Amino acid sequence: MMKNRGMEPEDKQPYLRALPAVDEFLRHSQIQAHLKKYSKELVVGSIRRIMEQKRQAILNSANLQEAASIGVAWEELLAAVKEEITKTARPSLRRVINATGVVLHTNLGRAPLAPEALQYIEEIAGGYSNLEFDLTSGERGSRHEHVEKILRLITGAESALVVNNNAGAVFLALNSLAEGKEVIVSRGQLVEIGGSFRIPDVMKKSGAQLVEVGTTNRTHLEDYERAINERTALLLKVHTSNFRVLGFTAEVSLKDLVALGQANGLPVLEDLGSGCFVDLSPYGIAKEPTVQEALETGVDVITFSGDKLLGGPQAGIILGQKKYLDLIKKNPLNRALRIDKLTLAGLESTLRVYWNHEQAAERIPVLNMITCPVEKLERRVKRLQRQLTRDLASSCQVKIREEISPVGGGALPLQGLPTRVIALRPLKTSVASLEERLRKSDPPVIARVQEGEILLDLRTVAESEEKELLENLRQALQ
Ligand SMILES: *Cc1c(COP(=O)(O)O)cnc(C)c1O
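A. Local environment of the domain arrangement of the protein. What the domain assignment reports for the protein is domain 1 (9–89), domain 2 (97–106 + 370–477) and domain 3 (115–363). Between the C-alpha centres of domain 1 and domain 2 there is a distance of 40 Å.

B. Broad picture of the packing of aromatic side chains. Enumeration over the complete set of coordinates arrives at three aromatic pairs. Measuring from centroid to centroid gives 6.1 Å for Phe 277 and Phe 304, while their planes differ by 75°, and the two rings are edge-to-face. Of this pair, Phe 277 sits in the loop between β8 (268–273) and α13 (291–296) while Phe 304 sits in strand β9 (residues 301–305); the two residues are 27 residues apart in sequence, bridging distant segments of the chain. Pairwise contacts between aromatic rings join Phe 277, Phe 304 and Tyr 354 into one cluster. The ring of Phe 248 has Arg 218 sitting right over it, with the charged end atom 3.7 Å from the ring centre. We note Arg 352 situated over the ring of Tyr 120; from NZ or CZ to the ring centre the distance is 5.1 Å.

C. Representation of the site of the ligand. Near the ligand, the surroundings consist of 13 residues, among which Arg 110, Ser 241, Asp 271, Ser 305 and Lys 308 are the closest. Contact distances for the ligand include 2.8 Å between an oxygen atom and a side-chain N or O atom of Lys 308. Elements with a minimum of two residues in the shell around the ligand: α9 (166–178) and β8. Residues of the shell around the ligand, tallied by class, amount to three nonpolar, seven polar and three charged.

D. Spotlight on the sheet that holds strand β3 (residues 182–186). On the basis of which strands lie adjacent, the open sheet formed by seven strands has the order β2-β10-β9-β8-β7-β3-β6 and mixed pairing. The sheet is open, and its two edges are formed by β2 (159–163) and β6 (209–213), each paired on a single side. Recorded for the sheet is a direction-independent mean angle of 25° between the axes of neighbouring strands. Where strand β7 (residues 232–238) meets β8, four bridges bridge the pair, whose relative direction is parallel. Bridging across to β8, Leu 235 finds its partner in Val 268.

E. Expanded view of the nonpolar core. Ranked by size, the top nonpolar core spans 56 residues in total, and within it Leu 151, Phe 277, Phe 304, Leu 319, Leu 351 and Tyr 354 carry the most contacts. In this view, Leu 351 contacts Val 147, Ile 150, Leu 151, Ile 154, Phe 277 and Leu 310; residues no more than four positions away in its chain are not counted. With 29 residues, the next largest nonpolar core counts Ala 169, Leu 172, Val 183 and Leu 236 among its residues.

F. How the structure looks around helix α8 (residues 145–155). Among all positions of α8, only Val 147, Glu 148, Ile 150, Leu 151, Ile 154 and Thr 155 are buried. Looking at the buried side of α8, the elements it contacts are β2, α13, β10 (316–320), α14 (322–330) and α16 (341–353).

G. Representation of the side chain of Ser 405. Relative to the assigned elements, Ser 405 resides in strand β11 (residues 396–406). Classification of Ser 405 by relative accessible area gives buried; the value is 0%. One polar contact links Ser 405 to Asp 457, side chain to side chain, over a distance of 2.8 Å. Among residues more than four places away in sequence, those in contact with Ser 405 are Gly 101, Gln 415, Gly 416, Leu 417, Thr 419, Asp 457 and Arg 459.

H. Representation of the packing of helix α3 (residues 29–37) against helix α4 (residues 40–60) within the structure. Viewed as axis vectors pointing N to C, α3 and α4 meet at an angle of 140°, and their least axial separation amounts to 8 Å. Here α3 lies oblique to α4, going by the angle between them. Along the contact surface, α3 presents Ile 31, His 34 and Leu 35, while α4 presents Lys 40, Val 43 and Ile 47. Tallied by class, residues from the contact of α3 with α4 come to four nonpolar, one polar and one charged.

I. The packing of helix α20 (residues 431–439) against helix α21 (residues 466–477), seen in detail. Orientation of α20 relative to α21, taken along the N-to-C sense of each, is 130°, at an axis distance of 9 Å. Viewed along their axes, α20 and α21 adopt a mutual orientation that is oblique. For the pair α20 and α21, the crossing hand works out as right-handed. Residues Leu 434, Arg 437 and Leu 438 of α20 lie in contact with α21, whose contacting residues are Asn 472, Leu 473, Ala 476 and Leu 477. Among the residues forming the contact of α20 with α21, the class breakdown is five nonpolar, one polar and one charged.

J. The arrangement of unusual backbone geometry in detail. The omega torsion of the bond from Asp 442 to Pro 443 falls at -5°, within 30 degrees of zero and hence cis. Of note, Pro 443 is situated in the loop between α20 and β13 (445–446). Unusually for a residue other than glycine, Arg 110 sits at a positive phi of about 50°. Tracing the chain through its elements places Arg 110 in the loop between β1 (97–98) and α7 (115–125). You will see that Glu 451, though not glycine, has its phi angle at about 45°, which is positive.

K. Region of the structure containing the sheet that holds strand β12 (residues 416–426). Across the sheet, four strands lie side by side as β11-β12-β15-β14; this open sheet has antiparallel pairing. Of all strands in the sheet, those bounded by a partner on one side alone are β11 and β14 (448–450). Strand after strand, the sheet turns through a mean of 35° between neighbouring axes, direction not considered. Packing against the sheet, α20 makes contact with β12, β14 and β15 (453–457), and its axis sits at approximately 40° to β15.

L. Highlighting the environment of Asn 217. Following the sequence through the fold, Asn 217 ends up in the loop between β6 and α11 (221–227). Under the relative-accessibility criterion, Asn 217 is labelled partly exposed at 31%. The spatial distance from the C-alpha of Asn 217 to the C-alpha of Asn 331 is 35 Å, given a sequence separation of 114 residues. One polar contact links the side chain of Asn 217 to the main-chain carbonyl oxygen of Phe 248, over a distance of 2.8 Å.

M. Structural context of the pattern of salt bridges. All told, the structure shown has 37 salt bridges when counted by the stated rule. Residue Arg 152 pairs with Glu 148 through a salt bridge whose shortest N-O separation is 3.7 Å. Of the two residues, Arg 152 and Glu 148 both sit in helix α8, four residues apart, roughly one turn of that helix. Assessed through its relative accessible area of 30%, Arg 152 is described here as partly exposed. The closest approach of N and O atoms between Arg 198 and Glu 192, which form a salt bridge, is 2.3 Å. Judged by relative accessible area, which is 34%, Glu 192 ranks as partly exposed.

Calculation notes
- Residues numbered from 1 in each chain as written.
- Predicted model: local features only at pLDDT ≥ 70, side-chain atom pairs only at ≥ 80, totals over all residues.
- Heavy atoms only, no water.
- Domains from an automatic or database assignment.
- Phe/Tyr/Trp six-rings, centres within 6.5 Å; stacked < 30°, edge-to-face > 60°.
- Helix = DSSP H or I, 4+ residues; strand = E, 2+ residues; numbered from the N terminus.
- Lys NZ or Arg CZ within 6 Å of the ring centre and 35° of its normal.
- Near = heavy atom within 4 Å.
- Polar contact = N/O pair within 3.5 Å; in protein donor to acceptor, adjacent residues only side chain to side chain.
- Nonpolar A, V, L, I, M, F, W, Y, C, P; charged D, E, K, R; others polar.
- Pairing = 2+ DSSP bridges.
- Axes fitted to C-alpha atoms, helices over the stretch in contact; angles between N-to-C directions.
- Core = buried A, V, L, I, M, F, W, Y, C linked by side-chain atoms within 4.5 Å.
- Buried < 20%, exposed > 50% of the residue type's maximum accessible area, 1.4 Å probe, protein only.
- Contact = heavy atoms within 4.5 Å.
- Parallel < 35°, antiparallel > 145°, perpendicular 65-115°, else oblique.
- Left-handed = near helix turned anticlockwise from the far one by under 90°.
- Salt bridge = Lys/Arg side-chain N within 4 Å of Asp/Glu carboxyl O.

And the structure:
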């Protein structure tokens, strides 16, 4: 809408007419230089957007004086067009420095991959591969074989399948094993993960019928037992991976649920969420059952993410008994949820790191960050504090604080990892503006804001990123 506050738009016509036409831009040597680098669509589109902004600014100006002050000189217009071109051509998906300390940050891409996985993806994706070709027989092969065998050998599972993500894995398993039938779940496990993944909704879409048993805080074996009837197809257990009910609670163990399933000839499916292959309790992290331990209970099928505690690419891993996995593999939806070769290359190479568990804790980035001793973080933080104090003492207060890094990503709820952070209190600007400048720096730095301070947790910052972090802080505080 045009706001011309008592002024006729015609008054502004001379200002509008003074704006150069697109053709005039295209004849300018600077624009011709852009056209050597970028497509005509990009350049012309950028010119049009800038000119539209100017036009609107003139039309919305309160009076002629204000209209006259809107910059329409060539240098100004050319600079604005150049900036618009750069902004438009810049990638949308960008590397960021995660200084939040949240290891599995869902919004920041969850698990960074191990160097060997990156190298392998480059090798496989940059050329041709035996993706669906059997090198022994010279015939057509299956893409799933590349990770099935190693998953079986590492975990002891009878059969394995990998799909696009764990939400897809749960959906596919429910649809394959219980379409048109009933699935019994504890009320305490009807979770929502990240807004769009809710167990009741996924269940409905899969065609299975949800039967809730027990209460929010307490569910007993008899609750499941009483709900079993001739329409029951499956008993489901969902890992409550992003919250915990405390106090007067009771949950049926996977072992007891498996025994109940066996007694009634019903399969048991567990959605583990963030399945981990390595016991992290020696590193001071609360004991969670590993994938291998879950399988030892005799559970029929389990699902978990490839990019949570496993530390690989986004994937949904399904392990379990061959007779159920065969049903899942035969489901036509499997084709719709299949993983691509980049994921396969990243996953297979990540899995190969697990041939040696101690090395896995060292070489898989998420495990390395989770198990990083606080003394090491303290040394890094002290070094950064010295550099910041030396360079920026006049613009910022720099303190070290004891804090907690959340693991995040729906993994290890309530598990905090003791850490040391840099706490910045800018002296010449606001915390909000410093946070924004860091977020808009290159590469963007994402930090935590807490009680009037910017907190930088180096747990999730690679040592190779420290120099960039320091430089971006310097610029943001100038
Ligand atoms: C994270 C999670 C999911 C979804 O996994 P994605 O890999 O994000 O699709 C499903 N169930 C549980 C319990 C989870 O923690």
